[in-house]
Structures are given as C-alpha cells and as structure tokens.
Amino acid sequence: MASDWEVHSQQDKELVKALGLTSATMLVMGSMIGSGIFIVSAEIAREVDSPALLIGAWVVAGFMTIVAALSYGELAAMMPRAGGQYVYLREALGPLWGFLYGWTLFLVIQTGTIAAVGVAFGKFLGVFFPSVSSSHWILHFWKVPPIRLGPMVLGNMDVGLNTQNLAAILLVIFLSVVNIFGVRLGAAIQNVFTFAKVSALLGLAVFGLAIGRNAQALATNFHGHFWDNAALSAQHAVQVGVGGPIVMVGTLTILAVAQVGSLFSADAWNNVTFTAGEVKNPSRNLPLALALGTGVVITLYIACNFIYLSALPLDGTPSAVTILGRGIKYASEDRVGTAVVTQMFGAVGGLLMAAAILISSFGCNNGLILSGARVYYAMAKDGLFFRKVAKLHPSYKTPAVSLMVQMVWTCVLCISGSYGQLLDYITFAILVFYILTIAGLFVLRRTRPEAERPYRAVGYPVLPAIYIVMALFIDVVLLRYKPQYTWPGLIVVLIGIPVYYAWSRSSRRVGTGASA
C-alpha cells in the first residue's frame, strides 16, 4: 500500500469542510462526557480507600489524557485526514497496525461504547417512564449461562429485545440517520447537547461548593484524613481476576488498577481526529480543539470529585439506608452523582441527575456516531473494509453507508447484551493503541523529518515518553492483577491479523481484475 504522502492530497477533497474550532472542541468534550463521571468514582473509592488517592486517580488520568491529546495534536496537524488515529498508525507503523486499530474500533471500541451509552440512556429514561426497563421484555431469546474461563466469567447475560435496549436502538438509529443529512446538522446537535451537559457538570460543581458541603463528609474526608492510606508504603487489597485470591499491592500499583475506571471515563477525546477531513483549517483547529476540550473536561472531572468528597463520606456500609451512611463507596448502584444531587435537593435531585445523564448520553452518542463512521470510510478507501463503505452520499457528502454499517452492528450488540463485557475486556487494548500511536510520533520524527508540522507536540520528547512509560506500567499491572481486562482484548486484536491478510489479498485481486 502506497504512503499517504505519495497517494493522497493533504486533505480529503470530497468531504465538506464544515467543522470550525467551536464544533471541533465541542466534539472532543461531548465524546468524553458520558455517564462514567457520575458512576465510576464509587468503584475507584473501593479500590484506593483514600480521599487523596481518589483525586489522584483522576489527576493521573487527566495528566495522561492531556499529554496524549497534545501529542496527537502534532499528528493531526501533520495528517489532517478522515480516519485520524487509523491514518497515524498506518503511516508510522504500517497498514497492518492501522487495520488492527480500525478492526478493534469497529468490532468493540466504538460500537460497544455507543451501545453502552445508548443503554444508559434507556436506563435513565426509565426514571421518567417506568415501562422502559431491562426487565420489560418484548422478545427474550436466551439467558446465556455463566462460562468460567481462567480469570474471567463470560456469558451471564440476557439476549433479546426489552424496552430499555429498544430505547437504545431507536436512539442509535435516529442519530445515525440524522448524521447522514450533513456534518453541519450533526455538529449543531453536538454543540447544543455538549453545551448543556458541560453546564450540568459546572452546575454540579458550583452548587456542590455553595450548598452541598456536609459537615460529616468534610470531617471524615478532609480534616486530618485526606491523606489516609495514601503513603507510598501503604498496602491495598486487590482481587486477582474474577473470584481469584486477594493480594496486597503498593500505592502506585493500586493507582494503575484504578485507571480502568478513570481513563475509560476520560476516553473518546481522540474521536475528533476521525473527522479531520471535515475540519476547517485543521492544522490549527485540531490541536487547539484537543488541548481545549481535554483541558476543560479534566478540570470539571477533578472538581466534581472534590464535590463528591465534600458532600459524602468516602467510606460507608452497603446495608445503610441513608445516602450518607452508604457514602461514596457504596452509593446505590454506584450512582455517586445522583446520591450527591439527591443529598443537596432531595427527591427532585434524582430527577435532575437523570435528566442530566439523558442529555449527556444523547450528546455523547451523537459524537461517537458522527466520528466513528469516518474511520471505516477511510479504511474502505484503502481497500481494508467493505468497498461500498467508501462511498459518500451524493447530496450531503457524508459517509452514509459507513454510518449504516456502524448502526447495524451497534444494534446487534444492544440485543446481545454483551457490550458491557466487551468494553471491560478491551480497556487494555485501547491503551495499547494509544501507546503505539504516541510511539508513532517518535517514528515519524525520524522517518519523515521533512514533513510539514504546523504544530509540534508540547514537551516533546519528554512528555510523550513519560506517557508511554506510565501507560506501559498500567498495562503491565493490568496483565498481572486484572487479567479479565487484558488477554480477551488481545485476542480480539490478534484475530484481526488473519482478517487483515485475507482482506488485503481480496483487495489486490479486485484491483488486478479491474486493471485487467
């Protein structure tokens, strides 16, 4: 396969340049903010058992996210083409690595995330309409029994159509169809909903600071207790695998384990690079959007966790009947955000948070659907995906076929009930691709020194190198202590290798037949 520099113009001429700096920044923020910030702090609190380390887990995730975004900015300005990270991996490390990323993105990362966010939308829609429920079945096909494989438990999910995943499917279909009608319409929806959910997060921080502080929470989390269990020599309990032995690990290791939640909640910032072919002045706007978007969201995430600590005690008991008694660790169904708002506003607080998460989920899915389709379009242009996916809508110049293919597979995942497991299993692989992409920055500095670089990564080579070291440490820790999050993801990636060679041979045969 010829190089991007040899075959393609710098930008995709057939796509419509409709995304300015504001829309690109809103796409970064909107794709990042889903429901994770309102939920995962409970699991992190149970793991780290320390107010300081709860904040520390989010600070580590924030530092890594912003460093990665600053590094991607150079690649985005250098290669502002549809497909983004797929293109960077292809050009730096070869077409196989680009394909493996796109393969994993389509099979699990993007579609699984869209499915999970869609089902979260259905779950919180049920707060207002009780008939929308995971137990309200329309067609129940099968209850998959638990299947134990080494450190994992596979299966144990219901396959079929209920009113909750029907709401998710209708949301995915609606947004997929809307995004056919031009990137401007998709961007307008994104801007409105991202503004709304950023305002909701900001409101949580402001109201939490003004009226949400609780004397009991402040006493147990801050007054001489903030640094409890946070010393480097402190020991923390971790269960190895599912149902495995409990082992004691150090503070740095437990912070790495906690990144499963915080890094995933801060993920999807890279989605804006997938739409690079439709960004105006991409060499300037892409790096700026990445820096501004990730900076704002990470600041809000850390602020919200300080609000959690000022409103609820970190510790609690699962059997307690009050919100304060359950604390952050044992908030009902891990919904820490809902617990905090309910503590501030009473019963109406739960409704306010449900509405905020509905808005957040809607906007998040719009961004994921809009951007993901651009990767499969770019892969198809390279002969590494279904050829028809490379076709644009004749009037709206959007990757309509790609949007439909993504929609169909996402709906299958919604019905299968496996999206949650798939996302858990792919966390390790997502981080591997980030490591490879940032390593590609070093490779391209050496192999393409003459290439135009309108923006150069801040702190290069120190900050990108620090990111790689930190990410490698997290992956090694996950391999050792959370194998249920590691080797399944590797298997998904490795299956892509024979698929790549089969697709490459098929593409060459088609090309030879056409030339003959």
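Refer to the structure printed above.
Because the structure is a prediction, the values reported are computed rather than measured. (Residues numbered from 1 in each chain as written. Predicted model: local features only at pLDDT ≥ 70, side-chain atom pairs only at ≥ 80, totals over all residues. Heavy atoms only, no water.)

A. Main features of the overall build of the protein. From N to C terminus, the protein includes 19 helices and six strands. Whereas a compact globule of 516 residues would reach a radius of gyration of roughly 24 Å, the protein reaches 22 Å, a difference of no more than 12%. Expressed as lengths along the three principal axes of its C-alpha atoms, the size of the protein is roughly 75 × 55 × 45 Å. Within the protein, the fraction of its 516 residues that count as buried is 59%. The contacts in the protein between residues at least 6 apart in sequence include a share of 79% that link residues at least 24 apart. (Helix = DSSP H or I, 4+ residues; strand = E, 2+ residues; numbered from the N terminus. Rg over C-alpha atoms; globule rule 2.2 N^0.38 Å. Buried < 20%, exposed > 50% of the residue type's maximum accessible area, 1.4 Å probe, protein only. Contact = heavy atoms within 4.5 Å.)

B. View of the pairing of strand 5 (residues 236–239). Residue alternation in strand 5 divides its side chains into a buried set, H236 and V238, and an unburied set, A237 and Q239. The pairing of strand 5 with strand 6 (residues 246–249) spans four bridges and is classified as antiparallel. Note that in strand 6 the partner of A237 across the bridge is M248. (Pairing = 2+ DSSP bridges.)

C. Layout of unusual backbone geometry. Cis geometry is found at the peptide bond from Y460 to P461, where omega equals 0°. Looking at where P461 falls in the secondary structure, it is placed in the loop between helix 17 (419–447) and helix 18 (462–481). Of note, the phi angle at A268 is positive, near 80°, even though the residue is not glycine. Along the chain, A268 turns up in the loop between helix 10 (251–265) and helix 11 (271–274). For K397, which is not glycine, the phi dihedral falls at a positive 55°. By the secondary structure assignment, K397 is in the loop between helix 15 (347–381) and helix 16 (400–416).

D. Fine view of helix 7 (residues 163–178). The end-to-end C-alpha separation of helix 7 is 22 Å, in line with the 22 Å expected for 16 residues at 1.5 Å each. All of the buried residues along helix 7 are T163, Q164, N165, A167, A168, I169, L171, V172, L175, S176 and V178. Looking at the buried side of helix 7, the elements it contacts are helix 6 (95–128), strand 1 (137–143), strand 4 (158–162), helix 8 (183–211), helix 15 and helix 16. Its side-chain oxygen 3.0 Å from the backbone nitrogen of Q164, N162 forms the N-cap of helix 7. (Expected span 1.5 Å × (residues − 1). Polar contact = N/O pair within 3.5 Å; in protein donor to acceptor, adjacent residues only side chain to side chain.)

E. Seen up close, a nonpolar patch on the surface. A cluster of nonpolar side chains, contributed by V127, F128, F129, F207, I211, F345, V348, L351 and L352, occupies part of the molecular surface with about 800 Å² of accessible area. Looking at the nonpolar patch, the elements that each hand over two or more residues are helix 6, helix 8 and helix 15. With three residues, helix 15 is the largest single contributor of residues to the nonpolar patch. (Patch = residues over 30% accessible without salt bridge, like charges linked within 9 Å, V, L, I, M, F, W, Y side chains within 5 Å. Areas by Shrake-Rupley, 256 points an atom, 1.4 Å probe, with all protein chains shown as cover. Salt bridge = Lys/Arg side-chain N within 4 Å of Asp/Glu carboxyl O.)

F. Spotlight on the pattern of salt bridges. One pass over the structure, following the stated rule, counts 13 salt bridges. Across the salt bridge formed by K329 and D49, the nearest N and O atoms sit 2.6 Å from each other. Of this pair, K329 sits in the loop between helix 13 (323–326) and helix 14 (336–345) while D49 is found in the loop between helix 3 (41–48) and helix 4 (51–78), placing the two residues 280 residues apart along the sequence. Taking the shortest distance from any N to any O, the salt bridge between R90 and E91 comes out at 3.0 Å. Here R90 falls in the buried class, since its relative accessible area comes to 5%. Residue classification places E91 among the buried positions, given a relative accessible area of 13%. Residues joined in a network through salt bridges with shared partners are E43, R46 and D334.

G. Examining the environment of L441 more closely. The residue L441 is located in helix 17 in this model. Separated by 353 residues in sequence, L441 and Y88 have C-alpha atoms that sit 8.5 Å apart. The residues touching L441, leaving out its near neighbours within four places in the chain, are S71, E74, L75, A457, Y460 and P464.

H. A look at the nonpolar core. Ranked by size, the top nonpolar core spans 163 residues in total, and within it W269, Y308, I328, V340 and Y467 carry the most contacts. If near-sequence neighbours (up to four positions away) are discounted, I328 is found in contact with S41, A42, A45, L54, Y308, L309, L312, P313, L314 and V336. (Core = buried A, V, L, I, M, F, W, Y, C linked by side-chain atoms within 4.5 Å.)

I. Structural view of the pairing of strand 4. Of all five residues making up strand 4, four are buried, and the element is well covered by its neighbours. Looking at chain direction, strand 1 and strand 4 are connected through five bridges and run antiparallel. Looking at the pairing, W137 lines up with N162 of strand 4.

Structural measurements only, silent on function.
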